[in-house]
Amino acid sequence: MITLKSRREIGLMKEAGQLVAQAHQIVKRMVEPGVTTLSIDTEVEKFFEKQNAEPLFKGYPGETPFPAVTCMSVNEQIVHGIPSDYVLKSGDILSVDTGCRINGWCGDAAWTYPVGEISSEAQRLLKAGEEALNVAIDNLAKQKKWSVVAQKMMKVAKKHKYSLVEKFVGHGIGREMHEAPQVPNYTKKSLDRDDFLIEPGLVLAVEPMLNAGTADIKVLNDKWTVVTRDGKLSVHFEHTVAVTTEGAERLTEGVGR
Ligand code: MG
């Protein structure tokens, strides 16, 4: 069941969202050649601790609990990469996803960062990923049904000849990080019955993942890291967004800036 949030609740969620945005600013400052993904994760963990915010990713249940406060996915890794002693090098792209809860409310956001100098091909993919997210957010309050918004994201992917990952979806968010509804980045007939209405009070984590090659994925032996099956690059952009009577508000505004 979808729970709509009051104005006051959306205000509280914005506080969580802004901590997530600040965590991303730490990430953005640290991302450069020679830095390990684990060292970035450690700083984000310290930040959440200092803010008395509860990190939402560490211990997340799976075949083994997720071991870190951020997901760090490099190059062909799509999502759920585990921070490690991998040393970032110029030309890499790094997708970072993190979330926290404060005063009982959650925020969640992801961004793909360039490391040093990246290829024009990678730059194009990054731009397209951000465009897909922006198109979704810009249309969110203008449309009545989510499927129409998803269609607009599909158009962006198609225009650039990239593919949207279908295996992983966005989600409702509130007191819990993952609430109803599921928020797919694509539409097809079989999804029609899962479509949902867009109305004030709806808060979603919108998170398109765009692959340079095909949408096919596989999961590595660590049981977490999701990679493109063809080994080509992938990007991930996510904001926590609230629908209000005035339009769509990015609760995690500031991520990637
Ligand atoms: Mg999410």
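Residues numbered from 1 in each chain as written. Predicted model: local features only at pLDDT ≥ 70, side-chain atom pairs only at ≥ 80, totals over all residues. Heavy atoms only, no water.

Draft legend 1. Expanded view of the overall build of the protein. Scanning the protein from N- to C-terminus turns up four helices and 15 strands. Relative to a compact globule of 257 residues, whose C-alpha radius of gyration would be 18 Å, the protein shows 17 Å and is just as compact. Element-wise, carbon and sulfur atoms account for 50% of the exposed surface of the protein, whose accessible area totals about 11,700 Å². (Helix = DSSP H or I, 4+ residues; strand = E, 2+ residues; numbered from the N terminus. Rg over C-alpha atoms; globule rule 2.2 N^0.38 Å. Areas by Shrake-Rupley, 256 points an atom, 1.4 Å probe, with all protein chains shown as cover.)

Draft legend 2. A look at the packing of aromatic side chains. Counted according to the given criterion, the structure contains four aromatic pairs. Ring centres 5.9 Å apart and planes at 45° place the aromatic pair Phe47 and Phe48 in the tilted group. Like Phe47, the residue Phe48 is buried in the burial classification. With a centroid separation of 5.2 Å and an interplanar angle of 85°, the aromatic rings of Phe66 and Trp224 are classed as edge-to-face. Placement of the pair is Phe66 in the loop between β1 (54–55) and β2 (70–74) and Trp224 in the loop between β11 (217–219) and β12 (226–228), with a sequence separation of 158 residues. (Phe/Tyr/Trp six-rings, centres within 6.5 Å; stacked < 30°, edge-to-face > 60°. Buried < 20%, exposed > 50% of the residue type's maximum accessible area, 1.4 Å probe, protein only.)

Draft legend 3. Seen up close, the coordination of the magnesium ion. At the metal site, the magnesium ion is ligated by Asp108 (OD), His171 (NE2), Glu207 (OE) and Glu238 (OE), and these contacts range over 2.1 to 2.3 Å. Between consecutive donor residues of the magnesium ion, the sequence gaps follow D-x62-H-x35-E-x30-E. Of this pair, Asp108 sits in strand β5 (residues 105–114) while His171 sits in strand β7 (residues 170–172); the two residues are 63 residues apart in sequence, bridging distant segments of the chain. (Donors = N, O, S within 2.8 Å, 3.2 Å for Na, K, Ca; no water.)

Draft legend 4. Seen up close, the pattern of salt bridges. Evaluation of the coordinates by the stated rule reveals 13 salt bridges. Here Arg101 makes a salt bridge to Glu54, at a shortest N to O gap of 3.0 Å. Separated by 47 residues along the polypeptide, Arg101 in strand β4 (residues 93–102) and Glu54 in strand β1 bring together distant segments of the chain. The exposure class assigned to Arg101 is buried, which follows from its relative accessible area of 17%. Across the salt bridge formed by Asp138 and Arg250, the nearest N and O atoms sit 3.7 Å from each other. Here Asp138, found in helix α3 (residues 120–140), pairs with Arg250, found in strand β15 (residues 247–250); they are 112 residues apart in sequence, far enough to count as distant. (Salt bridge = Lys/Arg side-chain N within 4 Å of Asp/Glu carboxyl O.)

Draft legend 5. Geometry of the pairing of β15. When strand β14 (residues 239–244) meets β15, the two strands line up antiparallel, connected through four bridges. Residue pairing across strands places Thr244 opposite Gly247, the latter belonging to β15. The antiparallel hairpin formed by β14 and β15 contains two residues in its connecting segment. (Pairing = 2+ DSSP bridges.)

Draft legend 6. Expanded view of the sheet that holds β12. Spatially, β3-β12-β11 is the arrangement adopted by the three strands of the open sheet, whose pairing is antiparallel. Looking at which strands have only one partner, the edges of the open sheet turn out to be β3 (77–79) and β11. Pairs of neighbouring strands in the sheet enclose a mean axial angle of 40°, with direction left out of account. Relative to β12, β3 runs antiparallel, the two being bridged by two bridges. (Axes fitted to C-alpha atoms, helices over the stretch in contact; angles between N-to-C directions.)

Draft legend 7. Geometry of the packing of α3 against helix α4 (residues 146–159). Axis separation between α3 and α4 bottoms out at 9 Å; the angle between their running directions is 155°. Between α3 and α4, the interaxial angle falls into the category roughly antiparallel. Classified by chirality, the crossing of α4 by α3 is right-handed. Contacts between α3 and α4 involve Ala128, Glu131, Ala132, Val135, Ala136, Asn139 and Leu140 on the former and, on the latter, Trp146, Val149, Lys152, Met153, Val156 and Lys159. Looking at the contact of α3 with α4 residue by residue, the class counts come to nine nonpolar, one polar and three charged. (Parallel < 35°, antiparallel > 145°, perpendicular 65-115°, else oblique. Left-handed = near helix turned anticlockwise from the far one by under 90°. Contact = heavy atoms within 4.5 Å. Nonpolar A, V, L, I, M, F, W, Y, C, P; charged D, E, K, R; others polar.)

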